[in-house]
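Residue-level structure breakdown
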Amino acid sequence: MRFSALIVVQNDVRFVPGLRQIGACCLKNGFQNDSIMKHNASHKIAKKPSRAFGPQTLAIHAGEPNKHGVGASVGADISRTSTFTFSSSEEMKLWAEGKSTAYIYTRYGNPTLSVAEGKIAALEGAEAAVVTASGMAAISTALLGALKQGDEVISTAQTYGGTYRLMRDEFPDWGIVVRRAETSLEGIESLVTGKTKVLYVETPTNPTLRLVDLRKAIAFARKHNLVSIIDNTFATPLLQKPIELGFDMVVHSATKYLAGHSDVIAGVAAGSKKWMARVRHMIIDLGGSMDPEAAFLLTRGLKTLGLRVERHCANARAVAQFLEKHPKVARVHYPGLKSHPDHALAKRQMKDFGSMLAFDLKGGLPAARRFCDKVKLFLLAASLGGPESLVVLPIYSSHYNMSSAELATVGVTPGTVRVSVGLEDADDLIADLKQALG
Ligand SMILES: Cc1ncc(COP(=O)(O)O)c(C=O)c1O
């Protein structure tokens, strides 16, 4: 094969339904020998389907190179390299002049990263995606890509603690002002100034599962010409697709449901080609790029996202219903329960309610600590979205280093326990909760 046949287009995650390359991402000329491909697969070239592929099909096939030839590996290849060759100085010159989009260096892009990017872009219904070293790398890079010194951002007060601390502890030093809104968006108009550039929301929120009305948020952002960014980690693109509603960028901690196995730190941003070019530029400059090994794990995890999310949601429903009836539990925060203040909104804008929940114990912090020390099947650990069910005290994990006033604003009490409901048998989970609460 001619060397130049390996030149690929980075970050082009067009999903081309009906073409042989499902979610044809990034491979202009492919990894496989084109003549073999044509010989072996020409009789199979699919006609344009009359319907779009479903999310599970996308999770499995989008972003993959064409695999309909002889000898193509079905599993994802790991392009375990820091750098890439050029066939000639002329090819290099073309790249430097922006006339070629060849892979050059893994911080700029890598075929293994492109596969994961293609899948997530297709799942989110976005033009493009950029994978990053962590969820915080995606969040900080997306925000910094849209903000500069002197700008203002309106953020929901309830966000993942790391995001909150980024905005509270770092942004002021960089001359970026943060104004915080309730998840209800009540009074948000009064936060707009001539310098407001970005609306940042997280829904459902970590850890008390409050929801932001996505349509209201978009209408507000459009009215004021703001860049809209949403953390879609808790919902995943299977339960809500903010880009289709008009958000400019979606960010994820891909560490969680997208990778799904508690074995990798990863992040991703998705959105228009224009915004993703900006995010990639920031990743190149700031260095928060993903490692190919992590991209492989992310791709492998994504392939079972649909099945996992289905089971996660079913288990969480059973756990939430059990906890709500327990005499030692004061309150359960789960949008799937009728008692949740955002239940109606969750039914309107989410396909299911996810598998994160929190509950407040009547005995406050001592009871919450006792519970966490007694669980046997649930693990006492931060993070979420993996197969293992986890419990954690937000005041000692995601929401450490926050004042009582800050905790009150986000609805976290010292006795709040956050639960990531995993994939075990629901009966076993409930039995463990029973003994730990008992
Ligand atoms: C909702 C949410 N967003 C972002 C992050 C940060 O992701 P990461 O730990 O992958 O940097 C987390 C981490 O828990 C999270 O829960």
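This text goes with the structure placed above it.
Side note on the overall build of the protein
Across its full length, the protein carries 16 helices and twelve strands. The 438 residues of the protein split such that 49% are buried. When contacts within the protein are restricted to residue pairs at least 6 apart in sequence, those whose partners lie at least 24 apart make up 75%.

Side note on the environment of Y257
Relative to the elements of secondary structure, Y257 occurs in the loop between β6 (249–253) and β7 (267–271). Along the primary structure Y257 and L384 are separated by 127 residues, whereas in three dimensions their C-alpha atoms are 7.5 Å apart.

Observations concerning the packing of helix α4 (residues 111–124) against helix α11 (residues 292–302)
Interaxial distance between α4 and α11 falls to 8 Å at its minimum, and their mutual angle equals 35 degrees. The interaxial crossing formed by α4 with α11 has left-handed handedness. Packed against α4, whose contacting residues are T112, L113, V115, A116 and K119, the element α11 presents P292, A295, F296, L298, T299 and L302 at the interface. Counted by class, the contact of α4 with α11 contains eight nonpolar, two polar and one charged residues.

Side note on the sheet that holds strand β11 (residues 390–392)
With mixed pairing, the five strands of this open sheet are ordered in space as β8-β9-β12-β11-β10. Only two strands of the sheet have a single neighbouring strand rather than two, namely β8 (329–333) and β10 (379–380). With four bridges joining them, β8 and strand β9 (residues 356–361) adopt antiparallel strand pairing. Looking at β9, one finds that H333 is bridged to A358. Sheet strands touched by helix α12 (residues 305–325): β8, β9 and β12 (416–420). Its angle to β8, the strand with the most contacts, is close to 155 degrees. Against the sheet, helix α14 (residues 364–374) contacts β9, β10, β11 and β12, and its axis sits at roughly 125 degrees relative to β9.

Considering the environment of M350
On the secondary structure map, M350 appears in the loop between α13 (343–349) and β9. On the basis of neighbour count, M350 is assigned to the buried category, with 22 C-beta atoms found within 10 Å. In this structure the C-alpha to C-alpha distance between M350 and P335, which are 15 residues apart in sequence, comes to 9.9 Å. In this view, M350 contacts A235, L239 and Q240; residues no more than four positions away in its chain are not counted.

Re the sheet that holds strand β5 (residues 227–231)
On the basis of which strands lie adjacent, the open sheet formed by seven strands has the order β1-β7-β6-β5-β4-β2-β3 and mixed pairing. Unpaired on one side and paired on the other, β1 (128–132) and β3 (177–181) mark the two borders of the sheet. Mean inter-strand twist for the sheet, computed between neighbouring axes without regard to direction, equals 20 degrees. Its contacts with the sheet place helix α10 (residues 273–286) against β1, β6 and β7, and it is angled at close to 20 degrees to β1.

A few points about the nonpolar core
In terms of nonpolar packing, the biggest core is built from 112 residues, with A129, A269, L298 and L357 touching the most fellow members. Each of domain 1 (111–302) and domain 2 (307–437) gives at least three residues to this core.

A short note on the packing of helix α5 (residues 135–146) against α10
Remark: α5 packs on α10, axes separated minimally by 9 Å, with the N-to-C direction vectors making an angle of 110 degrees. Here α10 runs roughly perpendicular to α5, going by the angle between their axes. Viewed along their axes, α5 and α10 form a crossing whose handedness is right-handed. Packed against α5, whose contacting residues are T141, A142, L144 and G145, the element α10 presents R278, V279, M282, I283 and L286 at the interface. Partitioned by chemical class, the residues of the contact of α5 with α10 number six nonpolar, two polar and one charged.

Digging into the pairing of strand β4 (residues 196–202)
For β4, the buried fraction is high: five of the seven residues fall into the buried class. Bridge count for strand β2 (residues 152–156) against β4 is four bridges, and the pairing is parallel. Bridging across to β4, E152 finds its partner in T196. Sheet analysis places β4 next to β5, joined by five bridges and oriented parallel. Within β5, the residue paired with V201 across the bridge is I230. A crossover connection joins β4 to the parallel β5 through helix α7 (residues 214–223); in handedness this β-α-β unit is right-handed.

Criteria and thresholds
Residues numbered from 1 in each chain as written. Predicted model: local features only at pLDDT ≥ 70, side-chain atom pairs only at ≥ 80, totals over all residues. Helix = DSSP H or I, 4+ residues; strand = E, 2+ residues; numbered from the N terminus. Buried ≥ 20, exposed ≤ 12 C-beta atoms within 10 Å, placed from the backbone. Contact = placed C-beta atoms within 7 Å. Axes fitted to C-alpha atoms, helices over the stretch in contact; angles between N-to-C directions. Left-handed = near helix turned anticlockwise from the far one by under 90°. Nonpolar A, V, L, I, M, F, W, Y, C, P; charged D, E, K, R; others polar. Pairing = 2+ DSSP bridges. Core = buried A, V, L, I, M, F, W, Y, C linked by C-beta atoms within 7 Å. Domains from an automatic or database assignment. Parallel < 35°, antiparallel > 145°, perpendicular 65-115°, else oblique. Right-handed = clockwise from strand over helix to strand, strands pointing away.

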